Structures are given as C-alpha cells and as structure tokens.
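Tertiary structure, described
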Amino acid sequence: MGPAATQLIVDDPDRGVFRIHRSALTSPQIFEAERDLVFDRCWLYLGHESEIPAPGDFVRRSVARRPLIFVRSAKTGQIRALHNTCPHRGATVCRTDSGNGKVFQCFYHAWSFNTDGELVGVPDRQGYGPAFRMEEMGLRPVAAIESYRGFVFVTFDPNAESLVDYLSGARDYLDLLVDESESGWEILKGSNQYSIDANWKLLVENSIDGYHAAPTHDTYMKYLSSMGIDVAGGLAGRGRALGHGHAVMEYKAPWGRPIAKWEKQFGEDARPEMENMRSRLVELYGAQRAEVMAEINRNLFIYPNLIINDIQAVTVRTFTPTAADHMEVSAWHLAPKAELPQARALRLESFLSFLGPGGLATPDDVEALESCQDGFRSGGVEWNDISRGMTREPKATDEEQMRSFWRRWRQQVSPQREVVA
Amino acid sequence: MTIEQLTTAPTGAGVTEGGAVQRCDVEDLLYLEAQLLDDWRLDEWVQLYTDDAQYIIPANDLPDPAPDRDLVLVNDNKFRLLARVDRLKSRKAHREYPHASTRHQVSNVRILDQSGEEIAVSAYFTVWRFRNGRDDHYVGRYDYRLRRTDGNLRICYKRAVMDMTVLRPTGAVSIIL
C-alpha cells in the first residue's frame, strides 16, 4: 500500500522539493483511474489535416485505445472522427489503414454508412419494426473534434472546454512552428509504431528532459561531432510551464535548422536560399520573432500525451498506456509542403538518425525507460526526484517542464476520487 | 582469417570476373554476413559493403518507400553505417550493451537479375534477438544488390523489409538486421 493519490506528489517550491511517489508509475489502479480521469477528459491528438487532404479520404486510427475513423466528408469536405464500431452489433466498420471512398460497409451484416457516418443501407430493411430509425443508427461521432492550425484533436468528454482554451500557452508555440513555412505543412508517408515496457508518464518526462541528452545519447553526440557539429557547449536554453500542464523546452544548439538557420552541413549551394528564407521571416514577423523561429529548438509537450519536437526535423509523437508498465507509441514526420532538397534531406536524415526507433538515439531512450520501470520493481526506493532547477530560473536541462505535467496530472487524478495505490 | 578468405573459402572457386554468379556464391556471402553479425564481428561485417553502399529499413507501414521523400527507419550510407558500428561497439548503445544474442536466419535466396553490373538478389530473413529474458523477432525480405570487386562479391545495397505491421512489441531496431 502506498499513499493516496493526493499524497503521490510532494511539491514544496520554497525548499526546492519535488518528489513523485513511484506507485504513480507502477499502480494498476492508477492506470485504471487515468483512463477515466485523464484520457476521457482531455483533448487528445487524432491526426493532421494533411493526412486526409481530399473529400472521402480516411485514416483508421486508435486514440486512447479507442478505434476511430478520421475522415473527410465526401459531401462537405468537413473533417470528422467517427467511432469505428458498427451500431448494429459492434464489428469495426473500417478495416484498412487508409484510403478514399464514399461508403463504409460493415462486412458482418453489410450495413453501409456514408463518410458523415449516416446509415445509408441495411439489407432487408423490412425486417425491422417501427422503432427502428435509420437516422439514429449511424456511426457515432466522438463528443467533439476540433482543429488548431492543421492539428486535429478529439475529446470523449461532451463537457470539455474549447480546444483553443485547452491549448492555453501551447498555442503560441504551435503558431511559431506553423508560421515557419508559407507552403504549409504535411505529414510524410510512413510512421513509427513501436512500444515501450514502461509507464507512459516516463515518456512524457523523457521527451522534455534536456538533462539526459548528453549522458544517455553519448554516441549520438559523437556522431554529430564526426559531422563537424560542435556539441561541447550543450543545450543552452530554458524550460517553461505553459498552463494546463503543457510545457516547452527551448534551446539553442550548434546544428543548423532547415528553417532558416544555415550551417555548413547544408552546403554552400543552399546558403543564399536559406538566407532568403530568413529575410522572408523577418519581413513577415519582425526580426525578433524571426530569430526565435529560426534559431531556437523546441520540444513542445501538450498535455497529456502529445510531443511536437521542432529540432532539425519536426516530430509529432503520441503515446497511449495499455497497462501500468506498457505503452504504445506512434510518431510521424511533419515537414513543409515545399522546401529545398538539401533541407528536406537534412530533415529526413535527422529524423531517422536521432528520433526514430531504428536510429542512433531512440533505442537508448527505450532502454532507459524500461530500465527505470524495472528499477521501480525493487521497491527499495519510494520516491523519484524531479526537483532540478526548482530554486533557480529553470534551464532547458532542468525539470520545470516535467513539474508542469505532474502538477496538472495531480489536479486531474486526485480531487475527484480517492485512488489507493 | 581475413574477410577475403572467409568470403571465398566455402565454395573454393570464388567468383570469377565476368563469369555467372551461382546461387551458392550468393548464399555463402549472405550466410557469412549472418555469422559476422551474430558473432558481433562488426568491423569485419562492414567490410562486406562497398564504399557507396546503402542500407535501408523501411517503416513497417510503408514497405516500398522513396527514402529521399518518405519516412524510413534506417537509411545509412557508408558513413552512417560505420557510425552505427562504432556506436554498437562503444558499450554506450544501451539497448545492446551487454550485447543481445541474435540469430540471423537467411533462406529462399534467389538471384533475380545479373545481366547488369550489379546482381539483384532477394532472400527471406528471420532475425531472433534475445536479451534480459525477453525475445524479439524480425521477419521479412531482404533486397540485395551485389557487385564483383577484385574477385569477391560485395554488398552495395541492402534493404530489409519487415513483414510485421508495426514495430510492437520489439520497441526498436537496435541491432543490424
């Protein structure tokens, strides 16, 4: 028996104490409670508008373990999220990963639905009585779906606040990213679908943890050095809480950025055009904002489970717990619709060498998280320490970002219900 | 034993300049590669690759990608392949130190085309990985292109296309497939 949920976090800013009781990361009861109190209450990332550009385009996707259809209406072009279950007897209606069509037909009894979810065909319709109403038997939409600048979110809570309110201070950071490219952004083809034998909250921490970069990813730093990138200075920057549990780690780094920080890794050929890109940003947004857009790397965390890294490549990563000690991770590569071949090459190279599960860094993170989860089983230590930087202006290598997450998590998980670990 | 000896020893005859390559010559090379990987003799392994070699693992949901446009899991040139070898030998590739036990099983080897300078080969693979009480497996098809250099066959292109629809539950591709 551990402490009740209200006591899972010790947060004492004056003394610089911030501790998480490890049962928050191991307890099956807390995992169960999170489904109701976190994942059924928040706005959750569904996908990007560019994944379904044309009317009738659809993608099959699971959000918080619920099978959904992310579809653009063939009639109106509106974006929808429908529960992927036949209202008749339950079978999943959409059984391919993606495609384009006007009708989804359930293979079990051949009921068919249009891309707005309306029931449009039932074999032997006459077999049903007067209470059977076609308009009540369509594919159910999720409680709400909203898009912010191309990023599409859903919630299963009919009383949820608007997405814009929910995003709070994270909106500015989405704006910074989206405004970098005038051509607009698209998800590239191909995705990473992997898993980690660890609690999902460990990946929240890891994704915004500047402190681990140098020691854990020593071999990746050496790889960067071998390409002439001087990483000795480390990551200079800050961590910030953005309200509602969202947070960001923003920092300068020695590498170039496809928009619009030229370094010799791009080659001299690309230099004039990249300098033009920079001038264009200054023209559109002013010198100060242009500098932030071009020079600063951002690891953005949107509560509870979305990471958007704007480093040399842009990752969109979300993850879902399937047990207290297991999560499923999905990641995509977001890139400008139009850009220099050299810049695109760097993005692709950076994504797969650093961010992907076949790269030179991500396997280390997977190992680290699984190692932590394994260490928790010892039971010899009750608390994790997340206090770094609490008594100074938080740096990118401090843990303010993580405290932002944990404080919001405590608000959500604690007051409504007493969870005994 | 040098790589040259290893490469040519099994068939004795080796690969003669201009003569047709037999399937057994290709099998010898692929089996040698499997053994070097399973023995973690990575410095010798990487010598099987030409300087302009490319090693690709597509994403599970996009088996036939354009690596200059699409997301892939691995797209190594020789420079990155050598970096991968250095990393795996460094004791700081944390998922592979201590090393996993692996077994690369190669089968269904076919020469598809040897009319040009390069020999196109397809084979099936099952790669088993065991570590810390867990076992992972990777199943799929290799697409190779081989080239004759100084009487030996060398690999100038290898693509490992996985059959698994997702990379769960393995979590990562921390070894060389």
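Conventions used here
All residue numbers refer to position in the chain's written sequence, counted from 1. Chains and ligands are labelled by the order in which they are written, letters from A for the one and numbers from 1 for the other. Only residues with pLDDT of at least 70 get local features here, since the model is predicted, and only at 80 or more are side-chain atom pairs given and counted; chain-wide, interface and lining totals rely on the full set of residues. Where a domain begins and ends is set by an automatic assignment or by a domain database. A helix here means a DSSP run of H or I that spans at least four residues, while a strand means a run of E at least two residues long, and both kinds are numbered starting from the N terminus. Here, strands pair whenever DSSP counts at least two bridges between them. Axis lines are fitted through C-alpha atoms, for helices just across the contact stretch, and the angle between N-to-C directions can take any value from 0 to 180 degrees. This entry defines residue contacts through backbone-placed C-beta atoms, with two residues in contact when those atoms are within 7 Å. Here the nonpolar group is Ala, Val, Leu, Ile, Met, Phe, Trp, Tyr, Cys and Pro; Asp, Glu, Lys and Arg are the charged ones; every other residue, Gly included, is treated as polar. Expected helix span is given by 1.5 Å per residue-to-residue step, counting one fewer step than there are residues. Residue burial is a threshold on neighbouring C-beta atoms within 10 Å of the residue's own C-beta, all placed from the backbone, with 20 or more meaning buried, 12 or fewer meaning exposed, and counts in between meaning partly exposed. Each C-beta atom gives one direction from the helix axis, and the arc is the one those directions make. What pLDDT expresses is the predictor's confidence in each residue, scored from 0 to 100.

A few words on the domain arrangement of chain A. Residues and elements named next belong to chain A. With domains assigned, chain A is organised as domain 1 (44-159) and domain 2 (171-413). One C-alpha centre belongs to domain 1, the other to domain 2, and the line joining them spans 33 Å. If you tally residues by element for the side of domain 1 that touches domain 2, the top one is strand E3 (residues 44-48), at 3 residues.

Take the sheet that holds strand E1 (residues 49-58) of chain B next. All names here are of chain B. Pairing is mixed across the open sheet formed by 6 strands, whose spatial order is E2-E1-E6-E5-E4-E3. The open sheet has two edge strands, strand E2 (72-76) and strand E3 (101-113), and neither has a second partner. The average angle at which neighbouring strand axes cross in this sheet is 20°, direction not considered. Where strand E5 (residues 134-149) lies against strand E6 (residues 152-162), 10 bridges are found, and the strand directions are antiparallel. What sits directly across from Tyr 142, in E6, is Ala 160.

Here Arg 148 of chain B is to be found in strand E5. A sequence separation of 16 residues divides Arg 148 of chain B from Met 164 of chain B, and the C-alpha atoms of the two residues are 33 Å apart.

This paragraph deals with the interface of chain B and chain A. Chain B puts 30 residues into the contact, and the matching count from chain A is 30 residues. Put simply, the parts of the chain that give the side of chain B that touches chain A at least two residues each are E2 and helix H4 (78-89) of chain B. Along the lines of polarity and charge, the residues of the side of chain B that touches chain A split into 15 nonpolar, 6 polar and 9 charged.

Now for the sheet that holds strand E12 (residues 151-155) of chain A. All names here are of chain A. Sheet architecture is open: 3 strands sit in the order E3-E12-E11, paired in antiparallel fashion. Single-partner strands in this sheet number two, and they are E3 and strand E11 (144-148). Direction aside, the axes of adjacent strands within the sheet are offset by 30° on average.

What follows deals with helix H1 (residues 28-39) of chain A. Residues and elements named next belong to chain A. Helix length check: H1 (12 residues) gives 15 Å between terminal C-alpha atoms against 16 Å at 1.5 Å per residue, within 8%. Those residues of H1 lying buried are Ile 30, Ala 33, Glu 34, Leu 37, Val 38 and Phe 39. Down the axis of H1, the buried set is contained in an arc of 165°. They therefore lie on one face. Facing away from the buried side of H1, by more than 90 degrees, are the exposed residues Pro 28 and Glu 32. Buried residues along H1 sit in contact with E3, strand E19 (314-323) and helix H11 (400-413).

Let us look at the confidence of the model for chain B. All names here are of chain B. Per-residue confidence for chain B averages 91 on the pLDDT scale, and 90% of its residues sit at or above 70. Here residues 8-13 is modelled with pLDDT under 50, and outside its nearest four sequence neighbours on either side it reaches 6 contacts, counting other chains as well. Across the whole predicted complex the pTM is 0.94, and at the interface the ipTM reaches 0.93.

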